[in-house]
Amino acid sequence: AGYLLEALLPDMRILDVGCGPGTITADLVPKGHVTALEYAPEVLTQTRSTAALRGFTNIEFVVGDVNGLDFPDGTFDVVHAHQVLVHVGDPVQALREMRRVAKPGGIVVVR
C-alpha cells in the first residue's frame, strides 16, 4: 500500500475491502482507524493475528460483502481494495458500493 501511505492522515477512517491475511491492512494502520472487511470469516483469524503481532489496536474486523456493504453512505475517508475486483461476480456493483461508503471528496483506491 505504499502508493497510498502519503495520502493518509492520522484522523482518517479507512475501509480495507478484502483484507485477506491483513498484511496490507497493517500497513494502513499507523494512520487513522481501519475497518478490515473480509467475505470469508475464517480469513479474519489471520488478519487478527497479523494485527496482534504488530501490536495494533485500531483495527475493527468485519465480515461482509463488497457488493452490499453494511455501512451508511459517506462513512470512510479512504476505501481501499487490493486484488478484490477479480474475485467478485459484479465488479461494477462493488465499485458503486465502495464509492457510496466513501465520504464526499474521499479516496477510493483499487489495485
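An account of the accompanying structure is given in this report. Within each chain, residue numbers correspond to sequence positions counted from 1 in written order. Per-residue local features of the predicted model are confined to residues with pLDDT of at least 70, and side-chain atom pairs are confined, for both listing and counting, to 80 or more; whole-chain, interface and lining totals are unaffected and use all residues. Heavy atoms from the whole structure form the basis of all side-chain values; hydrogens and water molecules are not counted.

## A short note on the pairing of strand E5 (residues 102-110)
Note: two strands are recorded as paired if DSSP finds a minimum of 2 bridges between them. In this description a helix means any DSSP run of H or I spanning at least four residues, a strand means any run of E spanning at least two, and both kinds are numbered starting from the N terminus. In this sheet, E5 lies alongside strand E4 (residues 76-81) in parallel orientation, the contact comprising 5 bridges. Looking at the pairing, His 80 lines up with Val 109 of E5. A crossover connection joins E4 to the parallel E5 through helix H4 (residues 91-101); in handedness this β-α-β unit is right-handed. By convention, a crossover is right-handed whenever its connection, traced from the first strand over the helix to the second and viewed with the strands pointing away, goes clockwise.

## Concerning the packing of aromatic side chains
Each Phe, Tyr or Trp ring (for Trp, its six-membered ring) is paired with any other whose centre lies within 6.5 Å, and the angle between the two planes then decides the class: stacked below 30 degrees, edge-to-face above 60, tilted in between. Considering all chains together, one arrives at 1 aromatic pair under this definition. Here Phe 71 and Phe 76 contribute two aromatic rings whose centre-to-centre distance is 5.0 Å and whose plane-to-plane angle is 85 degrees, an arrangement assigned as edge-to-face. When sorted by exposure, Phe 71 lands in the same class as Phe 76, which is buried. Each residue is placed in one exposure class: buried if its accessible area under a 1.4 Å probe, protein chains only, is under 20% of its type's maximum, exposed if it is over 50%, and partly exposed if it falls in between.

## Some remarks on the side chain of Asp 16
Here Asp 16 lies in strand E1 (residues 13-17). In this structure, Asp 16 is buried with no salt-bridge partner, the nearest side chain bearing the opposite charge being Arg 54 at 10 Å. Between N or O atoms, a polar contact is any pair within 3.5 Å; within protein, one atom must be a potential hydrogen donor and the other a potential acceptor, and residues adjacent in sequence are included only when both atoms are from side chains. There is a polar contact of 2.9 Å between the side chain of Asp 16 and the side chain of His 80. Pairs of residues are marked as contacts when any of their non-hydrogen atoms sit within 4.5 Å. Sequence-distant contacts of Asp 16, that is, excluding residues within four places in its chain, are made with Ile 24, Thr 25, Leu 28, Val 34, Thr 35, Ala 36, Leu 37 and His 80. Charge assignment in this entry is limited to Lys and Arg as positive and Asp and Glu as negative, and neither His nor the chain termini are counted. By definition, a salt bridge exists where a carboxyl oxygen of Asp or Glu is found within 4 Å of a side-chain nitrogen of Lys or Arg.

## Details of the environment of Ile 107
Among the structural elements, Ile 107 can be located in strand E5. As for Ile 107 and Val 78, which are separated by 29 residues in sequence, their C-alpha atoms are 4.7 Å apart. Contact partners of Ile 107, with chain neighbours within four places excluded, come to Ala 7, Asp 77, Val 78 and Val 79.

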